[in-house]
Amino acid sequence: MNIVKLVFAVLLTFGQFLTPYVAFVQKGGIDNFYEDWSAEQEYTADYAVNLEKDPEKDFVVLNFADVQLSSAEVYGKEGEIAEATIDKAIKEVKPDLITLTGDNAWCRPGYIRLVNVIDSYGIPWAAVMGNHDGDNGDKVYENWCAYLCYKAKNSVFKFGPKDMGVGNYIINVTENGEIIHSIYMVDTHTNTSLPCGGYDHLWDNQLRWYEWAVNGTNAMAGKTVESSVFFHIPCIQYRTAWEEAQYNKETGTYENPAYADSFGFNEEGICSPEFDNGFFGLVKELDSTKNIIAGHDHINNSSIMYDGVRLSYSLTCSPGGYWEPYMNGGSTLTIGSDGHAVFGHHYVDPGTLELKPVIF
């Protein structure tokens, strides 16, 4: 039955399937969707996407990690759970921005379906790419995924600067026209064949771009603007923080008193790079980013304050790939008028979901 649904879905969405390829040809190649960037250029207000916060309430970001449904799962029970979870979380949280932290789908029908579902709520949304959005370094496929995000009506996705991966861009939250918080959406790439082993992460040119953007934003605002970074693969400091915090699974507490305000826990190893790329040191030096949110490890939901920066895993909302029902849901970033952001989890019990067949 799922195969029949999949065939019909492919036929009905064939136009969406072809559109990115047509656009690449019309634009004269994939690379022409990217911008030229130099550290010498001026940072201007229109460089970032600007979303205005209502002064009467907090600005809420709702993130979903690793939806990652395969062709066999999109129109099966896995797809029903994912879509019902997304729907319930959005209706309960009422976010101002929806974000996706990579590995968004594991097949083209799944990507089309997810983009259409997220876009249907009429809420601004943004995505980053994960290592499975460009499996095996397939640049054409990863750009195909990116184009769907780029062209969706309510998406604020940008391809970003050339030669930095796919989709590095900035969202500034403003209140009364003033920047109060910056959100950096960055690509941690797909390379798993590094000489040092482990996963890839941010490249040197991305660090220069991040530094340029933070300094430019601060100069424009006349102050240090608090910011958050969303990416797929956690940086190596997630390992250090987890080891130092000394989580006791029996008591459900962090035994190191310096980490008493941490919450959540990890059910699997932290799949980070095996090297320190200097990103966290730059975060500390610039003193802007106070929250880093990652996906990638589906059954980890720890949120640990490490050296003044909260390192958090977002919840996944889908049985795609692998999954623990008690970690189902989405994660939130709540930004107040002072620009300070508070991270949290919004759990959705799969047993409370009203599952409906996924029909095209």
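Placed above this text is the structure.
Below is a short write-up of the structure. Given the structure is predicted, the values throughout are model-derived calculations rather than measurements.

### So, the nonpolar core
- F64, Y111, W125 and I171 are the most contacted members of the largest nonpolar core, which totals 68 residues.
- Beyond its immediate stretch of four places on either side in the chain, F64 contacts I86, A89, I90, I98, T99, L100, T101, S314, L315, C317, G329 and G330.
- If you look at the next biggest cluster of nonpolar residues, it comprises 36 residues, including C235, A245, L282 and L286.

### Description of helix α2 (residues 14–26)
- End to end, α2 covers 18 Å across 13 residues, agreeing with the expected 18 Å (1.5 Å per residue, within 8%).
- Packed against the buried residues of α2 are α6 (139–151).

### Re the sheet that holds strand β12 (residues 309–313)
- What the 7 strands build is an open sheet, ordered β1-β5-β6-β7-β10-β12-β11; its pairing is mixed. The strands lining the two open edges of the sheet, one partner per strand, are β1 (49–52) and β11 (303–306). Across the sheet, the mean angle separating the axes of adjacent strands is 20 degrees when strand polarity is ignored.
- Relative to strand β6 (residues 178–185), strand β5 (residues 169–175) runs antiparallel, the two sharing 7 bridges.

### Brief notes about unusual backbone geometry
- Backbone geometry at K94 places phi at a positive 55 degrees, although glycine is not the residue there.
- By secondary structure assignment, the location of K94 is in the loop between α4 (77–93) and β3 (97–101).
- Although it is not a glycine, Q246 adopts a positive phi angle of roughly 60 degrees.
- Among the secondary structure elements, Q246 is positioned in the loop between α8 (237–245) and β8 (247–248).
- What makes Q246 partly exposed here is its relative accessible area of 40%.

### Brief notes about the side chain of D66
- Structurally, D66 is set in the loop between β2 (59–64) and α3 (71–74).
- Buried and unpaired, D66 has R239 as its nearest opposite-charge partner, separated by 16 Å.
- A polar contact of 2.9 Å, which involves the side chain of D66, links it to the backbone nitrogen of H296.
- Of the polar contacts made by the side chain of D66, one reaches the side chain of H298; its length is 3.3 Å.
- Once you skip the residues sitting within four places of it in the chain, D66 turns out to touch G102, D103, H232, G295, H296, H298, T316 and S318.

What counts and what doesn't
- Residues numbered from 1 in each chain as written.
- Predicted model: local features only at pLDDT ≥ 70, side-chain atom pairs only at ≥ 80, totals over all residues.
- Heavy atoms only, no water.
- Core = buried A, V, L, I, M, F, W, Y, C linked by side-chain atoms within 4.5 Å.
- Buried < 20%, exposed > 50% of the residue type's maximum accessible area, 1.4 Å probe, protein only.
- Contact = heavy atoms within 4.5 Å.
- Helix = DSSP H or I, 4+ residues; strand = E, 2+ residues; numbered from the N terminus.
- Expected span 1.5 Å × (residues − 1).
- Pairing = 2+ DSSP bridges.
- Axes fitted to C-alpha atoms, helices over the stretch in contact; angles between N-to-C directions.
- Lys, Arg positive; Asp, Glu negative; His and termini not counted.
- Salt bridge = Lys/Arg side-chain N within 4 Å of Asp/Glu carboxyl O.
- Polar contact = N/O pair within 3.5 Å; in protein donor to acceptor, adjacent residues only side chain to side chain.

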